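Architecture and fold: a report
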Amino acid sequence: MNTKRATTGGLDGVLSDPRVLRANRGEELGIWYSAPGVVQVLTETEHPDEYWADLKAREPALARLAESVEFQVDEDGRTVTTDALDLEGVLRLIQSIPSPRAERIKRWMAESARQRIEEAENPELALVRARKLYEQRGYSRRWIDKRLRGVSARHELTAEWFRRGARESEQYRALTNELIRSAFGMDVEGYRRYKGLSGTSANLRDHMTDLELALVTLAETTAAVLHRGRGSEGFERLLADVRDAGRIVAATAAQIAQGVGAAVTQPVSRVGPRSTEDAHDRAPAQTTKPAQHAA
């Protein structure tokens, strides 16, 4: 069974179908999808434009989510302009379509909502489910441990930013970019291009090696320590701290690279068990349901 398809109710198959045009509208807006294409994949209608027009007429709230977007349709640069939706809009569109394929995704959405409610009551469940998902995708136990520790470090850092005056999403984005740029010599989007992830919705950290994850965690932990030690308040002082934290990690990375004789960043677009050691360390699939005890 295709694990990714099973864990998203088939949504990934819809979004990757060639009938669904995709446009990367930059870091701020992300990936947008052609609405008629999504309709066609979900319903197999021969008249997706008419179907979409009828939906918009019946549901003005859905229509307001759409924007006119230009899509490139071939390597010669030919483009078409049509209504498009971001991921949130696609999920809203799916709710309005009564087809077997849409119903499978609706069930997955309901299950996901139930899990989020459970995780709000018992946060440990989120870690258990994240670990299980990475195991199903073939990541080694060692990599999963580092990835989940990194999640904790990231939450600690963003909490410090909030307590010290960062409020706008653009500020969080700028602080993250400066931290990554100072540590690795490229901002987040540059790092994504380096990994071959530009134009996709893939999570950058899911494509980092063990060492890259460890260095990112070190950078974020160091930044949080500097914020607290310096009593930093306000965006400019937070920015100075993350720049210093990044430089500390850059120096550490340079020493590691000199010691091992190889760069610490690797242009791989998928991390998984690639060696005998990793294969031996691969986490076994979990077959029992996790106990839902209080955190």
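Residues numbered from 1 in each chain as written. Predicted model: local features only at pLDDT ≥ 70, side-chain atom pairs only at ≥ 80, totals over all residues. Heavy atoms only, no water.

What follows covers the overall build of the chain. Within the chain one finds 15 helices and 4 strands. Residues counted as buried form 39% of the 295 residues belonging to the chain. Partitioning the contacts of the chain with sequence separation of at least 6, the portion at a separation of at least 24 is 60%. For the chain, the accessible area works out to roughly 16,000 Å², and carbon and sulfur atoms hold 51% of it. (Helix = DSSP H or I, 4+ residues; strand = E, 2+ residues; numbered from the N terminus. Buried < 20%, exposed > 50% of the residue type's maximum accessible area, 1.4 Å probe, protein only. Contact = heavy atoms within 4.5 Å. Areas by Shrake-Rupley, 256 points an atom, 1.4 Å probe, with all protein chains shown as cover.)

Applying the stated rule across the entire model yields 6 aromatic pairs. Each ring, one from tyrosine 139 and one from tryptophan 143, has its centre 4.0 Å from the other, and the planes form 25 degrees; the classification is stacked. The pair tyrosine 139 / tryptophan 143 is uniform in exposure class, with both members buried. Aromatic pair tryptophan 161 and tyrosine 172: ring centres 5.8 Å apart, planes at 65 degrees, arrangement edge-to-face. Of this pair, tryptophan 161 sits in helix α10 (residues 141-163) while tyrosine 172 is found in helix α11 (residues 169-184), placing the two residues 11 residues apart along the sequence. Accessibility assignment for this pair places tryptophan 161 and tyrosine 172 in one class, buried. One aromatic cluster is present, built from ring pairs that chain together Tyr134, Tyr139 and Trp143. Over the face of the ring belonging to tryptophan 32 we find arginine 25, whose NZ or CZ atom lies 4.6 Å from the ring centre. (Phe/Tyr/Trp six-rings, centres within 6.5 Å; stacked < 30°, edge-to-face > 60°. Lys NZ or Arg CZ within 6 Å of the ring centre and 35° of its normal.)

According to the stated counting rule, one finds 27 salt bridges in the structure shown. Salt-bridge contacts for arginine 25 lead to glutamate 67; the nearest nitrogen and oxygen are separated by 2.9 Å. Note that arginine 25 is positioned in the loop between β1 (22-24) and α3 (26-29) and glutamate 67 in strand β3 (residues 67-72), a separation of 42 residues in sequence. Given the relative accessible area of 28%, arginine 25 is considered partly exposed. With a closest N to O distance of 3.1 Å, arginine 243 and glutamate 178 form a salt bridge. With arginine 243 in helix α14 (residues 235-260) and glutamate 178 in helix α11, the pair connects residues that are 65 residues apart, well separated along the chain. Three or more residues joined by partner-sharing salt bridges are found here, namely Glu156, Glu160, Arg163, Arg164, Arg228 and Glu233. (Salt bridge = Lys/Arg side-chain N within 4 Å of Asp/Glu carboxyl O.)

Most of helix α4 (residues 35-43) is tucked away, with 7 of its 9 residues classed as buried. Contacts made by the buried residues of α4 are with α2 (11-15), β2 (31-34), α5 (48-58), β4 (79-85), α7 (87-95) and α8 (100-121).

The next point concerns the sheet that holds β1. Strand order in this open sheet of 4 strands is β1-β2-β4-β3, and the pairing throughout is antiparallel. Looking at strand neighbours, the two that pair on one side only are β1 and β3, the edges of this open sheet. The sheet shows a mean angle of 50 degrees between the axes of neighbouring strands, taken without regard to direction. Taken together, the 2 bridges between β2 and β4 define a ladder with antiparallel strand orientation. Bridge pairing links tyrosine 33 to leucine 85 in β4. Where α4 meets the sheet, its contacts fall on β2 and β4, and the angle it forms with β2 comes to roughly 60 degrees. (Pairing = 2+ DSSP bridges. Axes fitted to C-alpha atoms, helices over the stretch in contact; angles between N-to-C directions.)

Moving on: α7. Within α7, the full set of buried residues consists of Gly89, Val90, Leu93 and Ile94. Across the axial projection of α7, the buried residues extend over an arc of 145 degrees, all falling on one side. (Arc of directions from axis to C-beta.)

The next subject is the environment of leucine 226. Relative to the helices and strands, leucine 226 resides in helix α13 (residues 210-230). With relative accessibility at 16%, the residue leucine 226 sits in the buried group.

Right, let's get into the nonpolar core. If you look at the biggest cluster of nonpolar residues, it comprises 34 residues, and the most contacted ones within it are Trp161, Leu175, Leu179, Phe184, Tyr191 and Val242. Elements with a contribution of two residues or more to this core: α10, α11, α12 (188-194), α13 and α14. Considering each element in turn, this core owes the most residues, 7 residues, to α13. Judged by nonpolar contacts, the second largest core, of 23 residues, contains Ala35, Val38, Leu42 and Ile105. (Core = buried A, V, L, I, M, F, W, Y, C linked by side-chain atoms within 4.5 Å.)

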